[in-house]
Amino acid sequence: MIVVTGATGNVGRPLTRALVEAGQQVTAVSRHAPTATAATAAAAAKVPASLPDGVRHVAADLAEPAGLKPALAGAKAMFLLLSGDLHAPGANPAGIIAAVKAAGVRRVVLLSTQGVSTRPFGGTRIAMRALEDVLRESGLEWAILRPGGFASNALWWAESIRARGAVAAPFGDVALPIVDPADIAEVAAACLLDDQHTGGVYELTGPEVITPRGQAQAIAAALGSPVRFHDLTREEAKAAMSQSMPAELAEDTLTILGSPIPAELRISPDVERVLGRAPRPFADWAARTVDAFR
């Protein structure tokens, strides 16, 4: 059995599906159970609507590692995705690794971040590198995934595209090799299932660099209708982002988006190295996700 944390998120959902399709038993962990359909709500064994049939769901908070015990019972491997608050001062994500090892789990695949290697001095990235080191030294089998920016970050634009047919973003002509979360999920599945990836550190990017303006154009093409692009100033973007994240993190994110260093512009070969195919372009993600923008 394989435990997937963050199972209702942009990576966790396709990862759970991939593991089920590979014939694996999966326990999906998230803080809150997804909404069930009326049919499943009436059934004796409720299955969250967004999870495949046969997947067991356990609601647990990773900030309380002891609460993971029911989810870890009988597990052989775990996909570990941490929410931002688990990097805050006083958090102890290393306790999760200890709980996993105590439960007899053999393998952990950690979703880290490209910034651990490209910008190692930010507070969140220092904490993530420390967790990587704890995992390496744990005696468990492990693999570490370091993706760059996610294609699914464009979902922040969904409301404005639906309402006004418009996108507002900073640095409209600065391109980055953003990665499709489905590719992250497939690489994670391979690392969970295949021994050859044990001890691997994989940097995950898309196959091309693309600007925010180019992303808006790809979404417009998928919709079959125009999407206007409005450039935000850095100050406007920081004000908007600070409503949902600490100002320091907003500033840090804007620096990466506006002034990427060469390592952040590099197209990594690791998706193709693991999956035997090129990573998906942003246009593919936009076409699959187009209903979110209608």
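Residues numbered from 1 in each chain as written. Predicted model: local features only at pLDDT ≥ 70, side-chain atom pairs only at ≥ 80, totals over all residues. Heavy atoms only, no water.

Some words on the layout of surface pockets
Let me state the cut-off plainly: Using protein atoms alone on a 1 Å grid, points that fit a 1.4 Å probe yet trap it form a cavity, whereas open point sets bounded by protein on both sides within 12 Å along at least five of seven lines form a pocket; residues with an atom within 4 Å of a point count as lining. Grid points are joined across faces, edges and corners, and a volume is the space filled by probe spheres set on the points. Labels follow the DSSP assignment, with helices taken as runs of H or I lasting at least four residues and strands as runs of E lasting at least two, numbered in each case from the N terminus. The classification used treats Ala, Val, Leu, Ile, Met, Phe, Trp, Tyr, Cys and Pro as nonpolar, Asp, Glu, Lys and Arg as charged, and all other residues, Gly among them, as polar.
Taken as a whole, the second largest pocket spans an internal volume of roughly 360 Å³. Counting residues per element, the ones that place at least two in the lining of the second largest pocket are helix H1 (12–21), helix H8 (181–193) and helix H14 (282–288). Class assignment of the residues belonging to the lining of the second largest pocket gives a composition of seven nonpolar, three polar and seven charged.

Some details on the packing of H1 against H8
What counts here: The axes are straight lines fitted to the C-alpha atoms, using for helices just the contacting stretch, and the angles between their N-to-C directions are given from 0 to 180°. Any angle that is under 35 degrees is reported as roughly parallel, and any over 145 degrees as roughly antiparallel; angles of 65 to 115 degrees are reported as roughly perpendicular and all others as oblique. By definition, turning the near helix anticlockwise from the far helix through less than a right angle yields a left-handed crossing, and turning it clockwise yields a right-handed one. Here, two residues are considered to be in contact whenever any of their heavy atoms come within 4.5 Å of each other.
Closest axis-to-axis distance for the H1/H8 pair is 8 Å, and the angle between their directions is 45°. Comparing the axis directions of H1 and H8 gives the class oblique. Between H1 and H8 lies a crossing whose hand is right-handed. Contacts between H1 and H8 involve Pro14, Leu15, Ala18 and Leu19 from the first element and Pro181, Ala182, Ala185, Ala188, Ala189, Leu192 and Leu193 from the second. Taken together, the residues that form the contact of H1 with H8 break down as 11 nonpolar, no polar and no charged.

Observations concerning the nonpolar core
Applicable threshold: The definition of a nonpolar core used throughout is a set of buried Ala, Val, Leu, Ile, Met, Phe, Trp, Tyr and Cys residues joined through side-chain atoms within 4.5 Å. Residue exposure (1.4 Å probe, protein chains only): buried if accessible area is under 20% of the type maximum, exposed if over 50%, otherwise partly exposed.
Judged by nonpolar contacts, the single largest core of 29 residues is most densely connected at Val4, Leu15, Leu19, Phe79, Leu145, Leu192 and Leu204. Counting residues per element, this core draws most heavily on H8, at eight residues. Look past the residues within four positions of leucine 145 in its chain and what remains in contact with it is Val109, Leu110, Leu111, Ser112, Thr113, Ile184, Val187, Ala188, Cys191, Tyr202 and Leu204. Core analysis: the next-biggest nonpolar cluster, separate from the first, contains 26 residues, Val3, Ala75, Val100 and Leu110 among them.

Considering the sheet that holds strand S8 (residues 201–204)
The pairing of strands in a sheet happens through backbone hydrogen bonds and is either parallel or antiparallel. Let me state the cut-off plainly: If DSSP finds at least two bridges between two strands, the strands pair.
In space, the seven strands of this open sheet follow the order S3-S2-S1-S4-S5-S6-S8, with parallel pairing throughout. Each edge of the open sheet is held by one strand with a lone partner, namely strand S3 (56–59) and S8. With direction set aside, neighbouring strand axes in the sheet form an average angle of 15°. Across five bridges, the pairing between strand S5 (residues 107–111) and strand S6 (residues 141–147) is parallel. If you follow valine 108 over to S6, its bridge partner there is tryptophan 142. Together, strand S1 (2–5), strand S2 (26–30) and strand S4 (77–80) form the strand contacts of H1, whose direction differs from that of S1 by roughly 165°.

Brief notes about H8
Under the convention used in this document: In a helix, the anticipated span is given by 1.5 Å times the number of residues less one. Contacts described as polar in this section are N or O atom pairs within 3.5 Å, which, within protein, must combine one atom able to donate a hydrogen with one able to accept it, while residues neighboring in sequence count only if both atoms come from side chains.
End to end, H8 covers 18 Å across 13 residues, agreeing with the expected 18 Å (1.5 Å per residue, within 8%). Of all the 13 residues making up H8, 11 are buried; the element is thus mostly covered by neighbouring parts of the structure. The complete set of buried residues in H8 reads Pro181, Ala182, Asp183, Ile184, Ala185, Val187, Ala188, Ala189, Ala190, Cys191 and Leu192. Where H8 begins, one side-chain oxygen reaches toward the backbone nitrogen of alanine 182, 2.8 Å away; that side chain belongs to aspartate 180.

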